[in-house]
Each structure stands twice: as structure tokens, then as C-alpha cells.
Amino acid sequence: MPKLTPESWMARALTLARRGLYTTDPNPRVGCVLVKNRRLVGEGFHVRAGEPHAEIHALRAAGDDASGATAYVTLEPCSHQGRTGPCARALIEAGVKKVVAAMQDPNPQVGGRGFAMLREAGVEVECGLLEKEARALNPGFIARMSRGRPYVRLKMAMSLDGRTAMRSGESQWITGPSARTEVQRLRARSSAVISGVESIIFDNSRLTVRAEQLQLEDAKAIARRQPLRVVVDSRLRLPLAAACLREPGRTLVATCSREGKRRQRLEAAGAEVLVLRSGDEGRVDLDALLAYLAGEEQVNEVLLETGATLAGAMLDAGLVDEIQLFMAPTLLGGNARPLFALPGLERMAQQRPLDIDDIRAIGRDWRIIARPAAISRKP
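First, a word on what this report is: a plain description of the structure on this page. Computed from a predicted structure; not experimentally measured.

So, how was this worked out
Counting of residues starts from 1 at the beginning of each chain's written sequence and follows it residue by residue. Reporting of local features is limited, given that this is a predicted model, to residues whose pLDDT is at least 70; pairs of side-chain atoms are given and counted only at 80 or more, and all residues count toward the totals for whole chains, interfaces and linings. Water and hydrogen atoms play no part in the side-chain values, which are based on all heavy atoms of the structure. Helix and strand definitions follow DSSP, with helices as H or I runs of at least four residues and strands as E runs of at least two, each counted in order from the N terminus. Burial here depends on accessible area, computed with a 1.4 Å probe over protein chains only, as a share of the maximum for the residue type. Under 20% is buried, over 50% is exposed, and the range in between is partly exposed. Two residues qualify as a contact provided that any one of their heavy atoms is within 4.5 Å of a heavy atom in the partner residue. Calculation of accessible area relied on Shrake-Rupley with a 1.4 Å probe; when residues are assessed, cover is drawn exclusively from the protein chains displayed. Charge counting treats Lys and Arg as positive and Asp and Glu as negative, with His and both chain ends excluded. A single reference atom marks each charge: NZ on Lys, CZ on Arg, CG on Asp, CD on Glu. Nine residue types can take part in a nonpolar core, namely buried Ala, Val, Leu, Ile, Met, Phe, Trp, Tyr and Cys, and a core is a set of them joined through side-chain atoms within 4.5 Å. Each pair of strands is called paired provided DSSP finds at least two bridges between the two strands. Lines are fitted to the C-alpha atoms to define the axes, a helix being fitted only along its stretch in contact, and any angle between axes, read from their N-to-C directions, falls within 0 to 180 degrees. With respect to orientation, any angle under 35 degrees is reported as roughly parallel, any angle over 145 as roughly antiparallel, any angle of 65 to 115 as roughly perpendicular, and every other angle as oblique. Each crossing gets its handedness from the near helix: less than a right angle anticlockwise from the far helix is left-handed, clockwise is right-handed. The rule for a salt bridge is simple: a side-chain nitrogen of Lys or Arg has to be within 4 Å of a carboxyl oxygen of Asp or Glu. Here a cavity means grid points, on a 1 Å grid over the protein atoms only, where a 1.4 Å probe fits yet cannot get out; a pocket means an open set of points with protein on both sides within 12 Å along at least five of seven lines; lining residues are those with an atom within 4 Å of a point. Grid points are joined across faces, edges and corners, and a volume is the space filled by probe spheres set on the points. Residue type decides the class: Asp, Glu, Lys and Arg count as charged, Ala, Val, Leu, Ile, Met, Phe, Trp, Tyr, Cys and Pro as nonpolar, and the leftover types, Gly among them, as polar.

## Comments concerning the overall build of the protein chain
Part 1: For the protein chain, the count of helices and strands is 13 helices and 16 strands.
Part 2: Here the C-alpha coordinates of the protein chain stretch approximately 70 × 45 × 45 Å along the principal axes.
Part 3: The buried share of the protein chain, reckoned over its 379 residues, is 52%.
Part 4: Sequence-distant contacts, at least 24 apart, represent 68% of the contacts inside the protein chain between residues at least 6 apart.
Part 5: A total accessible area of about 17,800 Å² is found for the protein chain, and carbon and sulfur atoms account for 48% of it.
Part 6: One way to put it: in the protein chain the 55 positive side-chain charges average out to a point 2 Å from where the 44 negative ones average out.

The following block contains the structure:
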């Protein structure tokens, strides 16, 4: 039983919300706890889109005890009718006397309306308890709602001397099985996985979530929701026999090529081809790609798994929010491929500083989580 403080009840709601880490997409992960007379009377979390929200699960668990209770919820209760009814209205009708929310809905079109509905009905409202922790749980939903693009997490694996592959392109495997399990979990929580066509050509990556590598209790159910696979392929060079075209789920090829026959062959092989405007050097405009993913595909979190060129281009454009770097205790030598291709860096004054959030051992490897220093600490 947690300590009987508002912080502990909200911490419990956050713990519940994390149970939806791999399943709620494109909705946010939300948990709710109902407390009455210093006693837990109901709790719940949002499992998946189209199903009841966290507040509804908690109200059902509480039954008549919801009347006069305080609701601790990790996100402002919704006020609109979607695939489910407004949670703010359900809390009012159940007789909840107070709502404590960790954060306001980040959607500027609706944020604050749930609170207003509650206050108009005489429900006391507080907001901001453990807000930092709540924001960390939903970086992609916040990014999509507030700035119209997904949260981009760049995953790279390197040797101790900063190399990602041999000169030939051979790269499997630099890191060990524990690190690969972590990468599978990153894929599973993501709405989309982006790679460059060069990486697909060299590694023939499937870009899928594989249940046997997740090492989670409900791995098979999690793996049924495959993230959207996105291949950045400016000139439509993706091989028709690429493994990613034969896997369950969708493969979207983002290009700026207008070559019709090649497009038709890729579509016949199972790809969806998205033609975007060209950016620098005739390559796919990466800003336009992320805007499309956020708007048309409702993508919250992107996992960028690619080589030095696309990784460097995304970093150079300021489109990377987080870097997860897995470092193996091995050496590949000076002829091997570098981590990033960052153009125009000639002097120390031009270096790209990073903020380190976490460093820890993952099996025999090390994982470094960092953020470009110029990016705001709030997603």
C-alpha cells in the first residue's frame, strides 16, 4: 500500500499509465486512481485506442464509492465525444468531488476544456502534480499536439572507437542480445520506424517488432501492433525483394522521385509510395515527411534506425529529440563507417553539444541517452 499522500496516489496513476506503454498508440498513456477517505476505491489505465479511457475503468472499479472521491489522473480528462464519451462528464455524473491532474491536455484546440467542464459542475480541480513525470510518459503525443510533428528518437549502435559498420556495410551484430532486446522495446513503443534506403540495402532490415526478443509477459499481443515502417528513398532504389516488404504491417516508401514505373513495381511488391517535395540536394524533405506522419498517420513517436547519412541529416536539421546510443566493448578500426555524417564541421566552435540524461550498462554493452543541447527540455 503506498504512502497516503497526493504524490503517492499520482505516482500510482503513473505506474498504471505505463502499462499502456506499448498499446495505446495513437492515444496517450493515461492512468487514473480514485481515492475516498484516504482509501483506494478504484483504478484503471487506458489500454488501447477505441476502448474506455483510464477514468472509465477506474469509475467502473469504484462503483458507488466514486461519489465523493478524489480522482488522480495523469492527463486532463477529455471533454469531447470521440470513439468514447467525454471523461470529464463521466466524472461529474459519478459524483467525484475533486480532480487532481498531472498535466493539461497538450492539444491547444481542446486543452483546458475538460477542467472548465469540471469546474462549471462544481468539481474542484488542481493541475501540475508530478507534471515532469507525466510529460516524460507521453513525449510523442505532446510533440504531435503542440508542434505538429512526432518525437524523434535516434537509435545507433557503435563500437568503442565510434564505428557503426565495416567499410563493406556489414554491421550485424555490434551489440549483444540485451541491447537488441532494448531496441525491440523501443520499436514496440514507437508509432513508426524510419530508416534510409542505404541501410535497407546493406542490412536487409525487417524493421519489425519480434515477440521472442521483447522478453515481456504479453510479448505476442504487443507484437501484433507493428509500427509503420518508413523507408526514406529519394530515388526509389529499394529492392523489390526487401524483407521489410514481406513482413506484417505497412511499409511506406518516402520519395521525391516521379519515376512512375519504378513506383508501380514497388507498390505491386507491397509498398505504399509517398511522393514528397525535395529538399537539399534533391533528397526527401524531412520536415515534410515528419509533418505528414504526424498529420495523416497520427504518429507520436518515431524510432530512427539508420546509417550515418540520414542520421546526420536529421540531426543537422534539428529534427532529433533524443539519441539512444548503444556502445559495444569492441573496436572496428579506422576504415569502418563513422557514427554520423554531419556536414560543415571544421572548427571546435562548430561542435554539436549534447546533454546526457542517462548512462547505464545493458548486458555487456553501454547505453547512453542524450539530447541535442539546443532542444528545449520539454518535448
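## Examining the nonpolar core
Part 1: One finds Met10, Leu34, Leu59, Tyr72, Val99 and Leu118 to be the most contacted residues of the largest nonpolar core, which totals 47 residues.
Part 2: Grouped together as the second largest cluster of nonpolar side chains are 34 residues, Leu228, Leu274, Leu286 and Met314 included.

## So, the sheet that holds strand S5 (residues 124-127)
Part 1: Read from one edge to the other, the open sheet built from 5 strands follows the order S2-S1-S3-S4-S5, with strand pairing classed as mixed. Looking along the sheet, the strands with just one partner apiece sit at the ends: strand S2 (39-45) and S5. For this sheet the average axis-to-axis angle between neighbouring strands, irrespective of direction, equals 15°.
Part 2: Of the pairings in the sheet, the one linking strand S1 (residues 31-36) to S2 comprises 6 bridges and is antiparallel in character. Each bridged residue has a counterpart across the sheet, and for Lys36 the counterpart in S2 is Arg39.
Part 3: Docked against the sheet, helix H1 (residues 6-18) engages S1, S2, strand S3 (70-73) and strand S4 (98-101), running at close to 145° with respect to S1.

## Let's talk about the packing of helix H2 (residues 54-62) against helix H3 (residues 87-94)
Part 1: Remark: H2 packs on H3, axes separated minimally by 9 Å, with the N-to-C direction vectors making an angle of 20°. Between H2 and H3, the interaxial angle falls into the category roughly parallel. When the axes of H2 and H3 are compared, the crossing they make is left-handed. In this structure, H2 uses Glu55, Ile56 and Leu59 to contact H3, whose residues at the interface are Cys87, Ala90, Leu91 and Ala94.

## Observations regarding the environment of Gln213
Part 1: Looking at the secondary structure, you find Gln213 in helix H9 (residues 211-214).
Part 2: Along the chain, Gln213 and Val41 lie 172 residues apart, while their C-alpha atoms are 37 Å from each other.
Part 3: Sequence-distant contacts of Gln213, defined by excluding residues within four places in its chain, comprise Arg180, Thr181 and Gln184.

## Regarding the environment of Glu55
Part 1: Summarising the element assignment, Glu55 is placed in helix H2.
Part 2: The spacing of Glu55 and Cys32 is 23 residues in sequence and 5.6 Å in space, taken between C-alpha atoms.
Part 3: Here Glu55 is in contact with Cys32, Val73, Leu75, Pro77, Cys87 and Leu91, once residues within four sequence places are set aside.

## A word on the pattern of salt bridges
Part 1: A complete count under the given rule lists 26 salt bridges for this structure.
Part 2: Between Glu124 and Lys98 there is a salt bridge whose closest N-O contact spans 3.8 Å. With Glu124 in strand S5 and Lys98 in strand S4, this residue pair connects regions lying 26 residues apart in the sequence.
Part 3: By relative accessible area, which is 43% here, Glu124 ends up partly exposed.
Part 4: The exposure class of Lys98 is buried, given its relative accessible area of 19%.
Part 5: For Arg367, the salt bridge goes to Asp358, with nearest N and O atoms at 3.7 Å. As far as burial versus exposure is concerned, Arg367 and Asp358 are alike and both buried.
Part 6: Here the residues in one salt-bridge network are Arg29, Arg153, Arg189, Glu301 and Glu322, joined through shared partners.

## So, empty space enclosed by the protein
Part 1: The tally for this structure, following the rule as stated, stands at 2 cavities of 30 Å³ or more.
Part 2: The computed volume of the largest cavity comes to approximately 70 Å³.
Part 3: Lining of the largest cavity is provided by 14 residues; of these, Asp25, Asn27, Arg29, Asn300 and Glu301 occupy positions nearest its centre.
Part 4: Residues of the lining of the largest cavity, tallied by class, amount to 3 nonpolar, 7 polar and 4 charged.

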